[in-house]
Amino acid sequence: MDVANERASIDPPINFHGLRHTWASHAVMNGVPLLVVAKNLGHSDTRMVEKHYGHLAPSSVADAIRAGAPRFGSAELSNVTPITG
């Protein structure tokens, strides 16, 4: 790793742990499911991935709600009068 850092003129030098963080960050930002990222990092569940990388997928909760939440139709009620002030 030292040789690679020197040849690429990387300063400050990166290590394998930093590369692991970079991979996980990019995976989450590109929409890889958190469980898949967690398993690839060697974790048994998603808690650590959610804690450290969950903020990189801020739309994931909203997207999940839009995709899976029930949709309740609204009926146009002619006997409803809006309150005005």
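Quick summary incoming for the structure in this document. Sequence order as written defines residue numbering, which begins from 1 separately in each chain. Per-residue local features of the predicted model are confined to residues with pLDDT of at least 70, and side-chain atom pairs are confined, for both listing and counting, to 80 or more; whole-chain, interface and lining totals are unaffected and use all residues. To obtain the side-chain values, all non-hydrogen atoms of the structure were included, while hydrogens and water were left out.

### Here's the deal with the environment of Ser25
In plain terms, the rule: A run of H or I in DSSP becomes a helix once it reaches four residues, and a run of E becomes a strand once it reaches two; helices and strands are each numbered from the N terminus. When a residue's accessible area, from a 1.4 Å probe over protein chains only, is under 20% of the maximum for its type it is buried; when over 50% it is exposed; and in between it is partly exposed. Contact between two residues is taken to exist if any of their heavy atoms lie within 4.5 Å; hydrogens are not considered.
Along the chain, Ser25 turns up in helix α2 (residues 16-29). Residue Ser25 is classed as buried on the basis of its relative accessible area, which comes to 18%. Residues Ser25 and His55, 30 residues apart in the sequence, show an inter-C-alpha distance of 9.7 Å. With near-sequence residues (within four places) excluded, Ser25 lies in contact with Tyr53 and Leu56.

### Regarding α2
Short version of the rule: Here a helix's expected span is defined as the number of its residues, less one, multiplied by 1.5 Å. Any pair of nitrogen or oxygen atoms within 3.5 Å is treated as a polar contact; in protein, a donor-acceptor pairing is required on top of that, and neighbouring residues in sequence qualify only through side-chain atoms on both sides.
End to end, α2 covers 20 Å across 14 residues, agreeing with the expected 20 Å (1.5 Å per residue, within 8%). Within α2, burial applies to Gly18, Ala24, Ser25, Ala27 and Val28. Between the side-chain oxygen of the N-cap and the backbone nitrogen of His17 there are 3.1 Å, and the N-cap of α2 in question is Asn15. The first or second residue beyond α2 is Gly31, which carries a positive phi of 90°.

### Let's talk about the nonpolar core
What counts, and what does not: For this analysis, a nonpolar core means a set of buried residues of the types Ala, Val, Leu, Ile, Met, Phe, Trp, Tyr and Cys, connected via side-chain atoms within 4.5 Å.
Counting 9 residues, the largest nonpolar core is built from Ala24, Ala27, Val28, Val37, Ala38, Leu41, Val49, Tyr53 and Ala57. Mapped by element, the contributors of at least two residues to this core are α2, α3 (34-41) and α4 (47-53). Here Ala38 is in contact with His43, Asp45, Thr46 and Val49, once residues within four sequence places are set aside.

### Here we look at unusual backbone geometry
Of note, the amide linkage connecting Asp11 to Pro12 takes the cis form, showing an omega dihedral of 5°. Positionally, Pro12 belongs in the loop between α1 (2-7) and α2. In this structure, Ser9 takes a positive phi of about 55° despite not being glycine. Mapping Ser9 onto the fold places it in the loop between α1 and α2.

### Looking at a nonpolar patch on the surface
What counts is decided by this rule: Patch members must show over 30% relative accessible area and no salt bridge, and they are joined within 9 Å when carrying like charges or within 5 Å when they are nonpolar side chains of Val, Leu, Ile, Met, Phe, Trp or Tyr. The protein chains shown are the only cover counted for residues, whose accessible areas, like all others here, come from Shrake-Rupley with a 1.4 Å probe. Throughout this description, the term salt bridge denotes a Lys or Arg side-chain nitrogen within 4 Å of a carboxyl oxygen of Asp or Glu.
On the surface, Met1, Ile10, Ile14, Phe16 and Leu19 cluster together into a nonpolar patch covering about 430 Å² of accessible area. A relative accessible area of 59% places Phe16 in the exposed class.

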